[in-house]
Amino acid sequence: MDESETAATLVGLARARAKLAELEARVAAHADDLQIGQDVAASSAANWLAHQTKQTRAETHRTVRLGHDLEQHPLTRDALAAGRVCVDQARVIIQAVDRLPAEARSRAERHLLAEAAHHDAKTLGILGKRLYEVIDPDAADAHEAALLEREEAAAMQACRLTLRDDGHGTTHLRGQIPTFHGAALRKMLAALTAPKHQRATHGAGVEWVPGPEAMGQAFCALIERFPVEQLPKLGGLTATLVVTITEDSLLGRVERAGLLDTGDRISPGAARRLLCEAGVIPVVLGGDSMPIDVGRERRFHPKYHRVAILTRDQGCRAEGCDRRLGLHTHHVDRWADGGTTTVGQGIALCPWHHSRIHDTTYETTKLPSGKVAFHRRT
C-alpha cells in the first residue's frame, strides 16, 4: 500500500472496530438478559464470558454495561454501529447525557454526537459538563454549581483501584480516589520522600531518586509498614500475607524462592526481609508448629487450618473461577454428615461458589485437577 492507501486503511479499520464493538456489546447485553452461564454456576454472564474468552472480568463487565447503556441511547448506538464514533466517545456521551433531566437528553445527545466529529473522548467529556450552556444558557451557572456539588458528594462512591501483574515482577496500579484523599496521600508520600527523612533513615550519603520513582518507593514502604491489626478480617483471618518457604531457605542454607498465598513468587531475600514486617506469617514446610487436625470437637476451621488450606489451594477451587481474595474454607464432606475439620477435608471457595455448593439446584463433580465443576440439575 502507498501512503494514502495506508492512511485510508487505518481509518477504515478504526470504524470497523467501532461497528464490531457495538455488535459485541449488544450481544453481551442480550446474554446478560438471558443469564448465560447460570447452568455452570457462573455468577454473571460477564464472568462466564471472561472465563470462556480469557478476557479480564473488568473488561467483560464493561462490555455488558455498554450494551445496556446503548439500549437507552439509540442515537449513540446507531452512531457507534455506523462507525461515526468510537467506544470511548460513546461512553463519554452516555455519561454526560445521563446527568441531564430526561426532557433535555435527546437534544444534548445530538449536540455531542455532532461535536464527536471534531473532538476526542477527553474533550467531549469537558464539553459534556457545559451542556447546559447549549440547552438553557440562563441556568448554566447554577447547574454547574449543583453539578460540582453532586460530583464532590459522589466522589467517594466512585473510588476504584485495579492492580494488574505483568508477570515480570511488576504490578501496575490504576484507579481514582476523591481529591481530598489524593491530596492526603501525596502529603504522606512527600513526608516519606523528604530529603530530611531520607537522610535520617538511610544516612547522609543517600542517593536522591527522581520524583515518580521516589513516590513509588514511598508507596511500597507505606504498604509494608501499615499496621495490619487495624484492618478487618478477610475470610476469617486478618488481612495477612502468607509466605511459604522451606526451612533451609529461611535460615539461609539454600536460596529458594518463596511462594505467596496469592500465587506469586518472591526471592528468598525478600521473604526473609518481610518476616520482620507486620502482617506476615511464615509457613515453613516440614515443620510441626501448626495444628493440622482438631477432629470433631470443632466445626469451623481454626486460623492455621485456613492459612494451610488457602496456601495449598492458591485460590477458589471452582472450575473457571480465578478469585484469590476473601476466600472461605469448605468441608469436602459436610460436617453435619460426619466430615472432619481437617486441612485434608477442607477446600478454598470464593463466597459466590461457597453459596452455590450448598444450593440444591446444583450438583458438583470433582475433577482430576482437584477443581470442582458445577452443573445445574435438570
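Preceding this section is the structure that the text describes.
Every value quoted in this text rests on a predicted model; they were computed, and no experiment measured them.

(A) Representation of the overall build of the chain within the structure. Looking only at helices and strands, the chain features 16 helices and 12 strands. Taken across its 378 residues, the chain has 32% of its residues classed as buried. Here the analysis covers contacts within the chain between residues at least 6 apart in sequence; of these, 54% occur between residues at least 24 apart. Entry remark: accessible area of the chain is about 23400 Å², with carbon and sulfur atoms responsible for 55%.

(B) Structural context of unusual backbone geometry. For K54, which is not a glycine, the phi torsion comes out positive at approximately 60°. The backbone of Q314 sits at a positive phi, close to 55°, despite the residue not being glycine. Examined against the element boundaries, Q314 turns out to sit in the loop between α15 (303–313) and β9 (328–331). Relative accessible area serves as the criterion here: at 18%, Q314 is assigned to the buried category.

(C) Main features of a positive patch on the surface. Together, R62, R65, R160 and R174 make up a region of like positive charge exposed at the surface. Looking at the element boundaries, R65 is found in helix α3 (residues 57–71).

(D) Representation of the packing of aromatic side chains. Considering all chains together, one arrives at 0 aromatic pairs under this definition. The positively charged end of R356 is found above the aromatic ring belonging to W352, 4.2 Å away from the centroid.

(E) Representation of the packing of α3 against helix α5 (residues 87–98) within the structure. In contact at an axis separation of 11 Å, α3 and α5 are set at 55° when each is read in the N-to-C sense. With respect to α5, the element α3 is oriented oblique. Here α3 runs over α5; the crossing is left-handed. Every residue of α5 that contacts α3 at R62, T63, L66, D69 and L70 is listed here: V87, R91 and I94. Grouping the constituent residues of the contact of α3 with α5 by class yields 4 nonpolar, 1 polar and 3 charged.

(F) Structural context of the side chain of Q89. You can see Q89 is positioned in helix α5. For Q89, a relative accessible area of 8% corresponds to the buried category. Among the polar contacts listed, one links the side chain of Q89 to the backbone oxygen of A116, at a separation of 3.0 Å. Setting aside its immediate chain neighbours within four residues, Q89 contacts R84, A116, H119, D120, A121 and L124.

Parameters and conventions
- Numbering of residues starts from 1 in every chain and runs along the sequence as written.
- Since the coordinates come from a predicted model, pLDDT governs what is reported: local features require at least 70, and pairs of side-chain atoms require 80 or more to be given and counted, while whole-chain, interface and lining totals use all residues.
- Water and hydrogen atoms play no part in the side-chain values, which are based on all heavy atoms of the structure.
- Numbering of helices and strands runs from the N terminus, with a helix taken as a DSSP run of H or I at least four residues long and a strand as a DSSP run of E at least two residues long.
- Only protein chains enter the area calculation, which uses a 1.4 Å probe; residues under 20% of their type maximum are buried, those over 50% are exposed, and those in between are partly exposed.
- Contact between two residues is taken to exist if any of their heavy atoms lie within 4.5 Å; hydrogens are not considered.
- Here, Shrake-Rupley sampling with a 1.4 Å probe gives the accessible areas, and only protein chains in the shown set may cover a residue.
- Nonpolar side chains (Val, Leu, Ile, Met, Phe, Trp, Tyr) are joined into patches within 5 Å and like charges within 9 Å, using only residues with over 30% relative accessible area and no salt bridge.
- Salt bridge, as used here: a side-chain nitrogen of Lys or Arg that lies within 4 Å of a carboxyl oxygen of Asp or Glu.
- Asp and Glu are treated as the negative residues and Lys and Arg as the positive ones, with His and the ends of the chain left uncounted.
- All charge positions are set by atom: Lys at NZ, Arg at CZ, Asp at CG, Glu at CD.
- Put simply, two rings from Phe, Tyr or Trp (the six-membered ring, in Trp's case) pair if the centres are within 6.5 Å, and we call them stacked under 30 degrees between planes, edge-to-face over 60, tilted for the rest.
- In our convention, an over-ring charge means Lys NZ or Arg CZ found within 6 Å of a ring centre and within 35 degrees of that ring's normal.
- Orientation is described by axes fitted as lines to C-alpha atoms, over the contacting stretch for helices, and by angles from 0 to 180 degrees between their N-to-C directions.
- In these notes the angle categories are as follows: under 35 degrees is roughly parallel, over 145 is roughly antiparallel, 65 to 115 is roughly perpendicular, and the rest is oblique.
- Note on convention: near helix rotated counterclockwise from far helix by under a right angle means a left-handed crossing. Clockwise means right-handed.
- Each residue gets one label: Ala, Val, Leu, Ile, Met, Phe, Trp, Tyr, Cys and Pro are nonpolar, Asp, Glu, Lys and Arg are charged, and the others, such as Gly, are polar.
- Under the rule applied, a polar contact is a pair of N or O atoms within 3.5 Å (in protein, one hydrogen donor and one hydrogen acceptor; residues adjacent in sequence only if both atoms are side-chain atoms).

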